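Spelled out from the first residue to the last, the chains are:
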Amino acid sequence: MVRKHPRSRAPLFGSLLLVVAAGAAALGAAPATAAPAATPLGQIVPAPAKVVAGGSAYEITARTRIRVDDGSRDARRVGDYLAGVLRPSTGYRLPVTDDAARDGIRLELDTKEKGLGGEGYRLTSTGRSVTIVAAAPAGLFHGVQTLRQQLPAKVEADSRQSGPWLVAGGTVEDTPRYGWRGAHLDVARHFFTVDQVKRYIDELALYKVNKLHLHLTDDQGWRLAVDSWPKLATYGGSTQVGGGAGGYYTKAQYKDIVRYASSRYLEVVPEIDMPSHTNAALASYAELNCDGVAPPLYTGTDVGFSTLCVDKDITYKFIDDVVREVAALTPGKYLHIGGDEAHSTSQEDYNTFMDKVQPIVAKYGKTVVGWHQLTGAAPAKGAVAQYWGLDGTSAAEKAQVAAAAKNGTGLVLSPADRTYLDMKYNKDTPLGLSWAGYVEVRRSYDWDPGNYLPGAPSSAIRGVEAPLWSENIRTSSDIEYMAFPRLPGVAELGWSPASTHDWDMYKVRLAAQAERWDALGMNYYRSPQVPWPAT
Ligand code: TNX
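Residues numbered from 1 in each chain as written. Predicted model: local features only at pLDDT ≥ 70, side-chain atom pairs only at ≥ 80, totals over all residues. Heavy atoms only, no water.

Student: Would you mind going over the overall build of the protein in detail, with residue names and values included?
Tutor: On a plain count of helices and strands, the protein comes out with 17 helices and 19 strands. For 535 residues, the compact-globule estimate of 2.2 N^0.38 gives 24 Å, and the protein sits close to it at 24 Å. Dimensions of the protein, computed from C-alpha atoms along their principal axes, come out at roughly 80 × 45 × 45 Å. Scored against the burial criterion, the 535 residues of the protein give a buried share of 60%. A total accessible area of about 19600 Å² is found for the protein, and carbon and sulfur atoms account for 53% of it. Placing the 57 positive and 57 negative side-chain charges of the protein at their respective mean positions leaves the two points 8 Å apart. (Helix = DSSP H or I, 4+ residues; strand = E, 2+ residues; numbered from the N terminus. Rg over C-alpha atoms; globule rule 2.2 N^0.38 Å. Buried < 20%, exposed > 50% of the residue type's maximum accessible area, 1.4 Å probe, protein only. Areas by Shrake-Rupley, 256 points an atom, 1.4 Å probe, with all protein chains shown as cover. Lys, Arg positive; Asp, Glu negative; His and termini not counted. Charge placed at Lys NZ, Arg CZ, Asp CG, Glu CD.)

Student: Tell me about the site of the ligand, residues and numbers included.
Tutor: The environment of the ligand is formed by 14 residues, the closest being R189, Y420, D422, W435 and E471. Between the ligand and the protein, one listed contact pairs an oxygen atom with a side-chain N or O atom of E341 at 3.1 Å. Residue E471 places a side-chain N or O atom 2.6 Å away from an oxygen atom belonging to the ligand. Taken together, the residues of the shell around the ligand sort by class into eight nonpolar, one polar and five charged. (Near = heavy atom within 4 Å. Polar contact = N/O pair within 3.5 Å; in protein donor to acceptor, adjacent residues only side chain to side chain. Nonpolar A, V, L, I, M, F, W, Y, C, P; charged D, E, K, R; others polar.)

Student: Would you mind going over the sheet that holds strand 4 (residues 96-97) in detail, with residue names and values included?
Tutor: Here we have seven strands laid out as an open sheet, ordered 1-9-6-7-5-3-4, and mixed in their pairing. Looking along the sheet, the strands with just one partner apiece sit at the ends: strand 1 (50-53) and strand 4. The strands touched by helix 4 (residues 137-150) within the sheet are strand 5 (104-109), strand 6 (121-125) and strand 7 (129-134), with strand 7 carrying the most contacts at an inclination of about 145°. (Pairing = 2+ DSSP bridges. Contact = heavy atoms within 4.5 Å. Axes fitted to C-alpha atoms, helices over the stretch in contact; angles between N-to-C directions.)

Student: I'd like a rundown of the packing of helix 9 (residues 313-328) against helix 10 (residues 347-363), residues and numbers included.
Tutor: Packing of helix 9 against helix 10 leaves a shortest axis separation of 10 Å and a crossing angle of 30°. Here helix 9 lies roughly parallel to helix 10, going by the angle between them. The way helix 9 lies across helix 10 gives a crossing that is right-handed. Contacts between helix 9 and helix 10 involve T315, Y316, I319, D320 and V323 on the former and, on the latter, F353, K356, V357, I360, V361 and K363. (Parallel < 35°, antiparallel > 145°, perpendicular 65-115°, else oblique. Left-handed = near helix turned anticlockwise from the far one by under 90°.)

Student: Pulling in residues and values, what's your account of the layout of surface pockets?
Tutor: Any space left empty among the atoms is revealed by the rolling of a water-sized probe across them. Size it by volume and the second largest pocket reaches roughly 420 Å³. Every residue lining the second largest pocket is counted, 20 residues in all, and those nearest its centre are V85, R148, E156, D202 and L520. For the lining of the second largest pocket, the secondary structure elements donating two or more residues are helix 3 (73-90) and helix 5 (194-205). Here the lining of the second largest pocket gets four residues from one element, more than from any other, and that element is helix 3. Taken together, the residues of the lining of the second largest pocket sort by class into 11 nonpolar, two polar and seven charged. (1 Å grid on protein atoms, 1.4 Å probe; cavity = no way out; pocket = protein on both sides within 12 Å on 5 of 7 lines; lining within 4 Å. Points joined across faces, edges and corners; volume = space filled by probe spheres on them.)

Student: Give me the lowdown on helix 7 (residues 251-263), citing residues and values where you can.
Tutor: With 13 residues, helix 7 extends 18 Å between its outermost C-alpha atoms, agreeing within 8% with the 18 Å of an ideal straight helix rising 1.5 Å per residue. In the core, the buried residues of helix 7 are packed alongside helix 5, strand 11 (211-215), strand 14 (267-274) and helix 9. Looking one or two residues beyond helix 7, the residue adopting positive phi is Y265, at roughly 60°. (Expected span 1.5 Å × (residues − 1).)

Student: Summarise helix 11 (residues 395-406); cite the residues concerned and give the values.
Tutor: Between its terminal C-alpha atoms helix 11 stretches 16 Å, which fits the 16 Å expected from 12 residues at 1.5 Å a residue. All buried positions along helix 11 are accounted for by K398, V401, A402, A404 and A405. The buried residues of helix 11 occupy one face: seen down the axis, they fall within an arc of 160°. Exposed side chains of helix 11 directed beyond 90 degrees from the buried face belong to A395, A396 and K406. (Arc of directions from axis to C-beta.)

Student: Tell me about the pairing of strand 6, and name the residues and values.
Tutor: Most of strand 6 is tucked away: four of the five residues are buried. Taken together, the five bridges between strand 6 and strand 9 (residues 170-174) define a ladder with antiparallel strand orientation. Opposite S125, over in strand 9, you have G170 as the bridge partner. The pairing of strand 6 with strand 7 spans four bridges and is antiparallel. Directly across from S125, in strand 7, lies its bridge partner V130. What sits between the antiparallel neighbours strand 6 and strand 7 is a turn of three residues.

Student: So what about the pattern of salt bridges? Which residues, and what values?
Tutor: Tallied over the full model, the rule gives 33 salt bridges. For D103, the salt bridge is made with R67, and the minimal N-O distance between the two is 2.8 Å. Here the residue D103 occupies a position in the loop between strand 4 and strand 5, and R67 occupies one in strand 3 (residues 66-68), the gap between them amounting to 36 residues. With a relative accessible area of 33%, D103 lands in the partly exposed category. The exposure class of R67 is buried, given its relative accessible area of 7%. Of the charged contacts in the structure, one is a salt bridge between E492 and R509, with a shortest N-O distance of 2.8 Å. Within this pair, whereas E492 is found in helix 15 (residues 486-495), its partner R509 is found in helix 16 (residues 503-511), the two being separated by 17 residues in sequence. Owing to a relative accessible area of 6%, R509 belongs among the buried residues under this scheme. One salt-bridge network, held together by shared partners, links K317, D320, D321, R324 and K363. (Salt bridge = Lys/Arg side-chain N within 4 Å of Asp/Glu carboxyl O.)

Student: Summarise unusual backbone geometry; cite the residues concerned and give the values.
Tutor: Here the bond from V45 into P46 is cis, since omega is -5°, no more than 30 degrees from zero. Mapping P46 onto the fold places it in the loop between helix 2 (24-33) and strand 1. That bond from G163 to P164 is cis: its omega, 0°, falls within 30 degrees of zero. With respect to the helices and strands, P164 occurs in the loop between helix 4 and strand 8 (165-167). Positive phi is not limited to glycine here, since L94 has a value of about 45°.

Structure representation (structure tokens):
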């Protein structure tokens, strides 16, 4: 159900301020054109790299067309996606055409715009048109998310709303700080259906997140069909935390998720966690156990008790088969091999294991990602380590990760006491865990990935990722309550230049997102740290 909202903020004041900041030339144009209902240009999440506000606002009307580049299937697809967002709430036809007229909403691919890179865009809004230019389709898509956020929040509604549909005048030129802006979802502790995953993908796309890391296997469940080892899914996937029915994705369903993610310009990073977190596999095939005895399925929440048998050849035959099949389902570059909390594996065995497993990933054309414990072994050339420590992590452990980074291992930063979406906000949060402490909204936003890990060169930082573990997360509403409003902050850390970082400004832009979440029917936590509009 979509609630309607009064216009509760003071956008005119906001836009004037912004215009003043943008300079005197723009100021000259402001009084006649500042549109009361337009979101001030650039007052969106993540903050754009560069905003020059001014000039007339563009209004989407019943006559607006979405014009895409002649012959570009990608541009047309992005145009169709945009039309799909705008049509229900505006009630307009918004035909997607490739005629050459200069007015309307225009999506242009221009490979000469090298400065925009693979994901950047330039959005120019005038009285006549809104033009999004990008060098690559992902840039058009991100530009479309900016356009969406410039429109009133009720544009997200699935039923007709009243306009006007104004886009403030000016230019946004925007490229991401980092290439890895991830969200992780644990579909192993509790299984989430294809539709639940797609819903989350749509929510992530709004904040320009570009990686979906799926934690597909753990002690409590194996969630992806593997033809060569069928019982992994049919038996290993047959339960979950608390003993529910669990579930798994058939290959067709998994491909559907990957395709859907890629239509929103997210790359799926599949994780097969090993050598620990493998009880579901060990329960499915007795021969994978050192003692040849399959343990029972597990529905608790302990970690670190399971391990693949490092000394057995069949372990590597198993991994080869699984990695081959998963790699074949993965158009993306990365395959995550977990490697965390291997408390039942000796360090020597762990190192041996990683020396054998990483070349298997390479053999099937993928780049290794591992949780940062991988840096205790010998990370393969080009590997990426995902750091999930916290302030209290020992200096030695931090130094080990930093040393690997100096040696060329890339880092994705997921500090547990900042980015873990499964951490409670405070002691009263009904969902989540608290082993890394409570993580309120400000804490999740107020840090700089560029200088976070002492001794790690900033060039090693590939980006950030917000994990959502699902020990007690079961529904889309649960996912949303934990992810919102923290996820947009992590997305902003990944996208926006460090120079835009400012909690007091951020919290105002974040607050304005709430009306959008309401219009989308999303759940979220109304943190007292954020000046939400009155409901
Ligand atoms: C640690 S983070 C884990 C997971 C748990 C999570 C709960 C990481 C690499 N391992 O197994 O689900 O804590 O917050």
